[in-house]
Amino acid sequence: MNRTTLSLIAGATALAAVTGFAALSAPDTPGTDTTAKAAAQLPVERTSLLCPAPSMSDIAETSYTSFTPVTKGTGSGGKAELQAAAQESRDGSGAGGDKGKGKSGQRKTEKPVLTSKEPGKPVTGDSSGAESPALVGTADGRFAPGWTVQETTEVAAGTGRGLQGVNCTAPDTSFWFPGASTAADRTDYVHLTNPDDSAAVVDVELYGKDGALQSTVGEGVTVQPHSSEPLLLSTLTDEQQTNLTVHVNVRSGRVGAAVQALDDKLGGDWLAASTDPSGSLVLPGIPKDATSVRLVAFTPGDDDADLKLRLASPSGLITPAGHETVHVKGGMTTAVDLGDVTRGEAGSLVLTPTDQSVPVVAALRVVRGKGDQQETAFIPATRPVGTRATSAHNSAKGSTLSLTAPGRAATVEVTASAGSEGGTPVSKTYTIKAGTTQDIKPPVPSGLKGTYALTVEPKSGGPVYGARTLAATGGGVPGFTVQTLPDDRGTVAVPEADEDLSVLQK
């Protein structure tokens, strides 16, 4: 074989194994059999996650849970660590702050907030108060495939009080957040975290009910290396809009992004990014006791989108009365109040095009409780579970797992890991009927001490979508947070070489 050809194959394989974020494949040639070129799935060898600064409240208490599922094909080495970002600006100006920095202007090196000890067992860390920084994490070797970190914050009182949770995210170059707001009773921040050694330049674009909002403040925001910038949305525009779509577009570099949505009366939570714009979307895991559900949708292009709304209930797909369809104008944010759409049953919202497929992003704002005891969470449209998905932080009594199979029926295996302080893993298999959502009281490891992780692995049937609700009532307020369960991207597709490569020897 020609040495150049060998180098190209080896280089592509190594790149795929290290990054874990791209599948390599050759273009199909019409009339050829591509079955011999099936890609092998190999564990990723390195990954990174970014956790936003948890809260600006002095009475906030935050916990972090890190977990890596046991993955076949990995070696014995590696590590996973979360460390404080080197710099931070807490005033939302994007100019950088001085708190916690040494003489060089860099944050002093501190020991990791947490370090994973072994795959299959969660490890926890915690922080308190308004000075808790954003975290930058890396995992390699046997800790990289499927590495998941959950950030969970309890705020006892004030704006955004309640339970706030977010899965720490991988860095990327584009994020969509339908469901944000600049209304008078909302305080929303978009948190931008840069894990790299060079600065990132970011545009933060806002879209309301009539289209793009005029703003120059959000253009060309510089996020310094190993730093985090929280930007208050109401400082980016003079317009007060109840329902906004935020687009984080990275000009250079890459960042992690999440929106912290805090309400004066309805508590608050993190709004995670919607999955990439698509003609059909699934928003899983609406709590059965939700008292108010609002759909916020946006289409980035010029074409309007007409979507059919259906609720995947425990008995099958149903159309909510009075909300059969929704019309989303191109470039404009549309909001639809669905009320108590689940009517006391588990549910997931399924959006499909009525005719022409137009890419859309969407999220749900969900409220539980009544009167002064109301609390808010958000459910973005998400990718399917795929090969495997993980929820890192769970408690014996407060966790509910919601799984939906909008197409064909599916069988899934749910594994409860060992506890962070002790316990024996346990697995259980569930069948999700076609077109339904099933709320599951997840298995709990025997002898549980501490928190534990849940891993969901489809075994047969059609695509499965999932979400985990974590509830913790405090002061009479039904605190809760919902995290979706997309594929953990723990493996990467690497093409297998043809059996006969003699033609490449010439």
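For the structure, see preceding data.
In what follows, the accompanying structure is described.

Reading the values: the criteria
Residues numbered from 1 in each chain as written. Predicted model: local features only at pLDDT ≥ 70, side-chain atom pairs only at ≥ 80, totals over all residues. Heavy atoms only, no water. Helix = DSSP H or I, 4+ residues; strand = E, 2+ residues; numbered from the N terminus. Buried < 20%, exposed > 50% of the residue type's maximum accessible area, 1.4 Å probe, protein only. Contact = heavy atoms within 4.5 Å. Areas by Shrake-Rupley, 256 points an atom, 1.4 Å probe, with all protein chains shown as cover. Pairing = 2+ DSSP bridges. Axes fitted to C-alpha atoms, helices over the stretch in contact; angles between N-to-C directions. Disulfide = S-S within 2.5 Å. 1 Å grid on protein atoms, 1.4 Å probe; cavity = no way out; pocket = protein on both sides within 12 Å on 5 of 7 lines; lining within 4 Å. Points joined across faces, edges and corners; volume = space filled by probe spheres on them. Nonpolar A, V, L, I, M, F, W, Y, C, P; charged D, E, K, R; others polar. Core = buried A, V, L, I, M, F, W, Y, C linked by side-chain atoms within 4.5 Å. Phe/Tyr/Trp six-rings, centres within 6.5 Å; stacked < 30°, edge-to-face > 60°. Salt bridge = Lys/Arg side-chain N within 4 Å of Asp/Glu carboxyl O.

A count of helical and extended segments in the protein chain gives 1 helix and 39 strands. Looking at the protein chain residue by residue over its 506 residues, the buried ones come to 52%. Counting only contacts in the protein chain whose residues sit at least 6 apart along the sequence, the fraction spanning at least 24 positions is 82%. As displayed, the protein chain has an accessible area near 21,700 Å², and 49% of this comes from carbon and sulfur atoms.

Looking now at the sheet that holds strand E9 (residues 148-155). The strand order across the open sheet formed by 4 strands is E7-E3-E9-E10, and the pairing between neighbours is antiparallel. The outermost strands of the open sheet, each flanked by one partner alone, are strand E7 (123-128) and strand E10 (162-167). On average, each strand axis in the sheet is inclined to that of its neighbour by 15 degrees, with strand direction left out of account. Strand direction decides the pairing type here: E9 and E10, joined by 6 bridges, are antiparallel.

Time to look at the state of the cysteines. Enumeration over the complete set of coordinates arrives at 1 disulfide. The disulfide partner of cysteine 51 is cysteine 168, and the S-S distance across this bridge is 2.0 Å. Judged by the sign of its S-S torsion, about 110 degrees, the cystine formed by cysteine 51 and cysteine 168 is right-handed. A residue pair is termed long-range when its members are at least 10 positions apart, and cysteine 51 in strand E2 (residues 46-51) and cysteine 168 in the loop between E10 and strand E11 (174-180) qualify at 117 residues. Accessibility assignment for this pair places cysteine 51 and cysteine 168 in one class, buried.

If a probe the size of a water molecule is rolled over the atoms, the empty space left behind becomes visible. Tallied over the entire structure, the rule returns 3 cavities of 30 Å³ or more. One number sums up the size of the largest cavity: a volume of about 50 Å³. Along the walls of the largest cavity sit Leu50, Cys51, Pro52, Thr169, His191, Thr193, Gly256, Ala257 and Ala258, which together make up its complete lining. At the level of secondary structure, the elements contributing two or more residues to the lining of the largest cavity comprise E2, strand E12 (186-194) and strand E18 (256-263). With 3 residues, E18 is the largest single contributor of residues to the lining of the largest cavity. Residues that form the lining of the largest cavity fall into these classes: 5 nonpolar, 4 polar and no charged. If you go around the second largest cavity, the residues you meet are Arg186, Ala261, Leu262, Asp263, Leu266, Gly267, Gly268, Arg365, Thr376 and Phe378. Those elements giving two or more residues to the lining of the second largest cavity turn out to be E18, strand E19 (267-271) and strand E28 (375-380). If one sorts the elements of the lining of the second largest cavity by residue count, E18 sits on top with 3 residues. Within the lining of the second largest cavity, the residues separate by chemical class into 4 nonpolar, 3 polar and 3 charged.

Leu283, Ile286, Leu295, Leu338, Leu349, Leu351 and Leu364 are the most contacted members of the largest nonpolar core, which has 29 residues in total. In terms of residues, this core owes the most to one element, strand E22 (residues 305-313), which gives 4 residues. Residues within four places of leucine 364 in sequence aside, it is in contact with Leu283, Ile286, Val293, Arg294, Leu295, Leu349, Ala377, Phe378 and Ile379. One finds Val190, Leu213, Leu233 and Val246 within the second-largest nonpolar core, a separate group that totals 26 residues.

Now for the sheet that holds strand E6 (residues 114-115). Across the sheet, 4 strands lie side by side as E2-E8-E4-E6; this open sheet has antiparallel pairing. Lying at the two open borders of the sheet, with one neighbouring strand each, are E2 and E6. Strand direction decides the pairing type here: E2 and strand E8 (residues 135-141), joined by 6 bridges, are antiparallel. Each residue of the ladder has a partner; that of serine 48, found in E8, is threonine 138.

Roughly 1,100 Å³ of volume is contained in the largest pocket. Together, 47 residues line the largest pocket, and Thr169, Ala170, Arg383, Pro486 and Arg489 are the ones closest to its centre. Looking at the lining of the largest pocket residue by residue, the class counts come to 24 nonpolar, 16 polar and 7 charged.

Now for the pairing of E7. Only one face of E7 is buried, namely the one carrying Val123, Gly125 and Ser127, since none of Thr124, Asp126 and Ser128 on the opposite face is buried. Direction of pairing for strand E3 (residues 61-67) relative to E7: antiparallel, over a ladder of 6 bridges. Bridge pairing in E7 places serine 63 opposite aspartate 126.

Our focus in this paragraph is the packing of aromatic side chains. What the rule picks out here adds up to 4 aromatic pairs. Each ring, one from tryptophan 176 and one from tyrosine 207, has its centre 6.5 Å from the other, and the planes form 40 degrees; the classification is tilted. In this pair, tryptophan 176 is assigned in strand E11 and tyrosine 207 in strand E13 (residues 200-208), connecting sequence segments 31 residues apart. For tryptophan 176, a relative accessible area of 10% translates into the label buried.

Here we take up the pairing of E28. In terms of residue burial, E28 counts as a mostly covered element, since 6 of its 6 residues are buried. Burial along E28 is two-sided: Glu375, Ala377 and Ile379 facing one way and Thr376, Phe378 and Pro380 facing the other are all buried. Note that strand E27 (residues 361-368) and E28 share 6 bridges and pair antiparallel. Looking at the pairing, valine 367 lines up with threonine 376 of E28. What sits between E27 and E28 in their antiparallel hairpin is a turn of 6 residues, with glycine 369 showing a positive phi close to 90 degrees.

The subject of this paragraph is the pattern of salt bridges. A side chain with one charge may pair with a side chain of the opposite charge, provided their charged atoms come close. The tally for this structure, following the rule as stated, stands at 10 salt bridges. Between lysine 209 and aspartate 210 there is a salt bridge whose closest N-O contact spans 3.1 Å. The pair lysine 209 / aspartate 210 is uniform in exposure class, with both members exposed.

Attention now moves to the environment of leucine 192. Of note, leucine 192 is situated in strand E12. Considered as a pair, leucine 192 and valine 223 are 31 residues apart in the sequence and their alpha carbons are 7.3 Å apart. Apart from residues lying up to four places away in sequence, leucine 192 is in contact with Val202, Val204, Val221, Val223, Ser227, Ser228, Glu229, Leu231, Val248, Gly256 and Ala257.

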